[in-house]
Amino acid sequence: MTENIKLILLFSGKRKCGKDFLTAKLMERYQNRAQIIRISEPIKTAWAEKLNLDIKELLSDGPYKEQYRKEMIIWSDEIRKKDPGFFCREAMKKAAAEMIVVSDIRRKTDIKWFQETFGKEKLKCIRIYADDAVREARGWKFEPGVDDVESECDLDDFFLWDMMCDNGDVTQTNTVVTQLCDFIDKELS
């Protein structure tokens, strides 16, 4: 199925910067041509099975997953030490559309896996950001062991973004969606 993929958008950003919101907006526009893939989905699925948790709640953006975030990070980091591409590979097993939107790239090893697997020509790396005050208004609160570890900080010193988007307020969000659509239309033409 992956031979049909024309474009893979790798979205990165801090918690509560609006990655899921923006990627959902893109899906409204490209629903017949695109598919959202989350690297976190196989992590959360395996974690839910391991601890007999509610997978729907764990996959949501609500407080339920926050109870388990630190432990999931530690557990998934152990797996990544053995196989850095494990969760990327598992997530991409569901890829079937011509445009894949990966909504939660968090590590340089994730980007490297996609580059090595699909080639740089099919990839576009997009960094979404919002200042801390905006993120706090969206429900973010700094949590030691979550916001200061590799899963949240590894891409802070990565500067090879194809596009960077300030998702600070509604006006900016609308502008970002327009910019992303223009960018995608150019790439898919």
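Residues numbered from 1 in each chain as written. Predicted model: local features only at pLDDT ≥ 70, side-chain atom pairs only at ≥ 80, totals over all residues. Heavy atoms only, no water.

Draft legend 1. View of the packing of helix H2 (residues 40-51) against helix H5 (residues 69-82). Between H2 and H5, the shortest axis-to-axis distance is 11 Å and the interhelical angle comes to 110°. Considered as vectors, H2 and H5 are oriented roughly perpendicular to each other. The chirality of how H2 crosses H5 is right-handed. When H2 is examined against H5, the residues Ile43, Lys44, Ala46, Trp47 and Lys50 are found in contact with a partner set consisting of Glu71, Met72, Trp75, Ser76 and Arg80. (Axes fitted to C-alpha atoms, helices over the stretch in contact; angles between N-to-C directions. Helix = DSSP H or I, 4+ residues; strand = E, 2+ residues; numbered from the N terminus. Parallel < 35°, antiparallel > 145°, perpendicular 65-115°, else oblique. Left-handed = near helix turned anticlockwise from the far one by under 90°. Contact = heavy atoms within 4.5 Å.)

Draft legend 2. Representation of the layout of surface pockets in the model. For the largest pocket, the calculated volume is near 670 Å³. If you list the elements that add at least two residues to the lining of the largest pocket, you get helix H1 (19-30), H2, helix H4 (63-66), H5 and helix H9 (150-153). Considering each element in turn, the lining of the largest pocket owes the most residues, five residues, to H5. (1 Å grid on protein atoms, 1.4 Å probe; cavity = no way out; pocket = protein on both sides within 12 Å on 5 of 7 lines; lining within 4 Å. Points joined across faces, edges and corners; volume = space filled by probe spheres on them.)

Draft legend 3. Looking closely at the sheet that holds strand E3 (residues 99-102). Reading across from one edge, E2-E3-E1-E4-E5 is the order of the five strands in this open sheet, with parallel pairing throughout. Across the chains shown, the open sheet's two edge strands, defined by having one partner strand only, are strand E2 (34-37) and strand E5 (163-166). Adjacent strand axes in the sheet meet at a mean angle of 20° when their direction is disregarded. Summarising the sheet, strand E1 (residues 7-12) and E3 pair through four bridges and their orientation is parallel. Each residue of the ladder has a partner; that of leucine 7, found in E3, is methionine 99. Packing of H1 onto the sheet brings it into contact with E1, E2, E3 and strand E4 (123-129), and relative to E2 it is tilted by some 160°. Sitting on the sheet, helix H10 (residues 170-188) touches E1, E3, E4 and E5, and the angle it makes with E5 is about 160°. (Pairing = 2+ DSSP bridges.)

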